[in-house]
Amino acid sequence: MKTLKINYLAVLVMVILGQLIPMGWYTLFQEKWMAYTNLTMEMGSEAGATPYLASIVYSAFLAWALSWVFTRMKVESAMDGLKSALILGFPVTILYNIMQNLFSMRPYGLSWIDGGCGIIMFAVAGLVLGGWRKYDAAPGA
């Protein structure tokens, strides 16, 4: 009997994609996002490396945690991974951003930009981690 294991190579791929996807997403919505947050390009360059390091840690933990959950749920296809990731990711990204921004009296549209990036990350992670499985044969098999 095969046992589903965490595929650490797939997790590493998601860490890389976790840097590329937000870069593309926020480039697409840069002007609107900056207007919503009252930030400027100069302010962004002053932030240093800390946001990038936080992004790497977030991407690594998201991919590992989702992989771990998938091994417990017996997710064995890209489509099952996508569906599971969307079910888990929607309240964590979209709904949380809406709630947080409403309480912070920040623009509603900001919720969809930030949450949209998050849900895309969950969806891609679900596809990659659900589709790129790793098995370990049970002892004596």
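Our structure's up above, just so we're on the same page.
Residues numbered from 1 in each chain as written. Predicted model: local features only at pLDDT ≥ 70, side-chain atom pairs only at ≥ 80, totals over all residues. Heavy atoms only, no water.

Trainee: How should I be thinking about the packing of aromatic side chains in this particular structure?
Mentor: Each aromatic ring pair is characterised by the separation of its centres together with the angle its planes make. This structure, assessed with the given rule, holds 4 aromatic pairs. Aromatic side chains W25 and F29 sit 4.7 Å apart centroid to centroid with 55° between the ring planes, which places their arrangement in the tilted category. Accessibility expressed as a relative area gives 17% for W25, which makes it buried. The exposure class of F29 is partly exposed, given its relative accessible area of 29%. On the numbers, 6.3 Å between centres and 70° between planes, the contact of Y108 with W112 is edge-to-face. In this pair, Y108 and W112 are both assigned in helix α6 (residues 108-131), 4 residues apart and thus about one turn of the helix distant. It is K2 that lies over the ring of Y135; its NZ or CZ is 4.3 Å from the centre. (Phe/Tyr/Trp six-rings, centres within 6.5 Å; stacked < 30°, edge-to-face > 60°. Buried < 20%, exposed > 50% of the residue type's maximum accessible area, 1.4 Å probe, protein only. Helix = DSSP H or I, 4+ residues; strand = E, 2+ residues; numbered from the N terminus. Lys NZ or Arg CZ within 6 Å of the ring centre and 35° of its normal.)

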